[in-house]
Amino acid sequence: MSENRIRLIERVVDLENLESISASQLLDFNKGREVRAKADKNKRSKCPIVCARCENSVVVPMHWQTGEYYFKHFDKFVECPWTSEGSISIDQANARIFQGQQEGPLHKKLKEKMALSLAACPDVPDIWVDEIYNSRKFKEHKKPDIRFVYKDRTFVFEIQLATTQRPIITKRNKFYQREGFSLLWITSNPEPKALEAHKASVVDIITDHNDNLFSVDDETFRRGDAENTIVLRVHWWEGSECKSKIVKLDDLIYPEDGLPYAIEKPKPWNERWKDSWVSITPTSGSIYRDRIELWESLIGKYDLDTNADDLEQNHYGLIYLLNLLLSIERKMLVGTKQKNLTEVLNTFFSTESRQPFARIAEYFLKKANEGSYLTIQSTQQKLNEARQTEQIDKTSLEAKIVRVLFPKWT
Ligand SMILES: [Zn+2]
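Residues numbered from 1 in each chain as written. Predicted model: local features only at pLDDT ≥ 70, side-chain atom pairs only at ≥ 80, totals over all residues.

- In the annotation of an unreviewed UniProt entry, the entry for the protein reads DUF6035 domain-containing protein, and the organism field reads Parasphingorhabdus halotolerans.

Laid out in structure tokens, this is it:
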């Protein structure tokens, strides 16, 4: 038996204190011995140490050759995705849980602990555990793990310990969103190493939470108890590195069209470039020295066939084009002392060096649902005049730059 073969169960949870223990922790002989004794003592009790995947009791034998401790299901016939090696799919293994018939002991324990933390929280006037919620408006009901009111908001906590099928997740997201509830999918704390290996099983809820994953563990419960509130751990990724920190409900961001999250996704390069452009562009316009650096980074990033001086000398109108498109996209005037977008457009369309961009500006306004500006008579007239000038074509440097900076609109 190879080492990997015996350490199939990667993580367990002690239901007595909700401590999460990984297989690698057993390699410390004293820790291993301590967990072994406890697992054996509690294997038939109400608070055993359970497999984090199938929620069945585990014991801790010692491998006869290597002398190392490892986790093993107490009942060797259980169906677990960790040990059944492809003979059982994760979906099959968890079907029993997610058909709402039966929950594993870890699921129950986490629910109970979270409900206790919430009940102790002075900002939570109402809490329902395992109670059916009926949507009168949509004649549909669901049975969330926990529903509660916190300050002015109704929350739903759904515990997810293993794969839930995408359609079920999407349905619940939609249902609660329609009701105006803030839904959080919560898992038991996967230590980053185990999380990486099993990210696939929780990937859908990570995606829906803006690439955040929420979890609870013994430490979050301790912190919450100490402060009479509920705290969660949020995990997020920076490149391939997984980070985590403790958050409270007040720390979360609640978008109108999605699930709450705590950590913003890193912005894409083009968005950061535009942020920098806006920051060097006061109402009096940007200065040459500040622009050069930005031009150079743009040219380098997209391997453009030009240089900063060429842009400054031969494509000067681009500065005004970018300021205009940013003003439209961000709904705030960039690099102008004028009072509103109508004034900006009128100047733009009647300035000779900017007229070749009239069609791009027109297209952009329509795409951004700001086409109504073009129905203003003075603007329409100036646009028509501007379009008499030869317009830049799709292969021009300006068009290329607009495409990479504003992919959403082009
Ligand atoms: Zn298992």
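Back to the write-up after that little detour.
### Quick look at the overall build of the protein
- Helix and strand counts for the protein come out as 15 helices and 14 strands.
- Relative to a compact globule of 410 residues, whose C-alpha radius of gyration would be 22 Å, the protein shows 29 Å and is clearly more extended.
- Each principal axis of the C-alpha distribution contributes one length, and for the protein these read about 85 × 55 × 40 Å.
- Per-residue burial for the protein yields a buried fraction of 34% across its 410 residues.
- Taking all contacts inside the protein whose residues are at least 6 apart in sequence as the whole, residues at least 24 apart take part in 59%. (Helix = DSSP H or I, 4+ residues; strand = E, 2+ residues; numbered from the N terminus. Rg over C-alpha atoms; globule rule 2.2 N^0.38 Å. Buried ≥ 20, exposed ≤ 12 C-beta atoms within 10 Å, placed from the backbone. Contact = placed C-beta atoms within 7 Å.)

### Section: the domain arrangement of the protein
- Taken domain by domain, the protein consists of domain 1 (3-88), domain 2 (103-251) and domain 3 (269-405).
- Between the C-alpha centres of domain 2 and domain 3 there is a distance of 44 Å. (Domains from an automatic or database assignment.)

### Some remarks on the confidence of the model for the protein
- For the protein, the average pLDDT comes to 89, and 93% of its residues sit at 70 or higher.
- Overall, residues 96-101 carries pLDDT values under 50, and its contacts beyond four positions in sequence, including any with other chains, amount to nine contacts. (pLDDT = per-residue confidence, 0-100.)

### Quick word on the sheet that holds strand β3 (residues 49-51)
- Pairing is antiparallel across the open sheet formed by three strands, whose spatial order is β2-β1-β3. Of all the strands in the sheet, the pair left with one neighbour each is β2 (19-22) and β3. Neighbour to neighbour, the strand axes of the sheet diverge by 30 degrees on average, direction disregarded.
- Pairing of strand β1 (residues 11-14) with β3, which is carried by three bridges, proceeds in the antiparallel orientation. If you follow Val 13 over to β3, its bridge partner there is Val 50. (Pairing = 2+ DSSP bridges. Axes fitted to C-alpha atoms, helices over the stretch in contact; angles between N-to-C directions.)

### Some points on helix α13 (residues 358-367)
- Buried within α13 are the following residues: Ala 358, Ile 360, Ala 361, Phe 364 and Leu 365. Across the axial projection of α13, the buried residues extend over an arc of 160 degrees, all falling on one side.
- Elements that come into contact with the buried residues of α13 comprise α11 (317-330), α12 (341-350), α14 (377-386) and α15 (397-405). (Arc of directions from axis to C-beta.)

### Concerning α11
- In this model, α11 (14 residues) spans 20 Å end to end at C-alpha, consistent with the 20 Å of a helix rising 1.5 Å per residue.
- When we look at burial in α11, the residues that qualify are Leu 318, Tyr 320, Leu 321, Leu 322, Asn 323, Leu 324, Leu 325, Leu 326, Ser 327 and Ile 328.
- Buried-residue contacts for α11 involve α8 (269-279), α10 (308-314), α12, α13 and α15.
- Directly beyond the C-terminal end of α11, a positive phi value near 50 degrees is found at Lys 331. (Expected span 1.5 Å × (residues − 1).)

### Examining the environment of Leu 326
- Within the secondary structure, Leu 326 sits in helix α11.
- In this structure the C-alpha to C-alpha distance between Leu 326 and Asp 275, which are 51 residues apart in sequence, comes to 9.7 Å.
- Leave out the neighbours within four places in its chain, and Leu 326 touches Lys 274, Trp 277, Val 278 and Val 334.

### What about the sheet that holds strand β13 (residues 231-238)?
- Strands sit in the order β6-β9-β10-β11-β12-β13-β14 across an open sheet of seven strands; the sheet is mixed. In this open sheet, the two edge strands, each paired with only one partner strand, are β6 (126-129) and β14 (241-248). Each strand axis lies, on average, 30 degrees off the axis of its neighbour in the sheet, ignoring direction.
- Sheet topology note: the strand β11 (residues 182-188)/strand β12 (residues 213-216) ladder contains three bridges and is parallel. Looking at β12, one finds that Thr 187 is bridged to Ser 215.
- Set on the sheet, helix α4 (residues 105-119) makes contact with β6, β9 (146-150), β10 (153-159), β11 and β12; between it and β6 the angle comes to about 170 degrees.

### Regarding the packing of α8 against helix α9 (residues 288-302)
- Between α8 and α9, the least distance of the axes is 11 Å, while the angle of their chain directions is 165 degrees. Viewed along their axes, α8 and α9 adopt a mutual orientation that is roughly antiparallel. Between α8 and α9 lies a crossing whose hand is left-handed. Contact with α8, carried on its side by Trp 269, Trp 273, Ser 276 and Trp 277, involves Leu 294, Ser 297, Leu 298 and Lys 301 of α9 and no other residues of that element.
- Looking at the contact of α8 with α9, its residues break down into five nonpolar, two polar and one charged. (Parallel < 35°, antiparallel > 145°, perpendicular 65-115°, else oblique. Left-handed = near helix turned anticlockwise from the far one by under 90°. Nonpolar A, V, L, I, M, F, W, Y, C, P; charged D, E, K, R; others polar.)

### Things to note about the packing of α12 against α14
- One way to put it is that α12 packs onto α14 with a least axis distance of 8 Å and a crossing angle of 25 degrees. Overall, the two elements α12 and α14 adopt an arrangement that is roughly parallel. For the element pair α12 and α14, the recorded crossing hand is left-handed. Contact residues: Thr 342, Leu 345, Asn 346, Phe 349 and Ser 350 in α12; Ser 378, Thr 379, Lys 382, Leu 383, Glu 385 and Ala 386 in α14.
- Counted by class, the contact of α12 with α14 contains four nonpolar, five polar and two charged residues.

### Digging into the environment of Leu 383
- Mapped onto the secondary structure, Leu 383 falls in helix α14.
- Residue Leu 383 is classed as buried on the basis of its C-beta count, with 23 C-beta atoms lying within 10 Å.
- Separated by 22 residues in the primary sequence, Leu 383 and Ala 361 place their C-alpha atoms 9.4 Å from one another.
- Setting aside anything within four residues of it in sequence, one finds Leu 383 in contact with Phe 349, Ala 358, Glu 362 and Leu 374.

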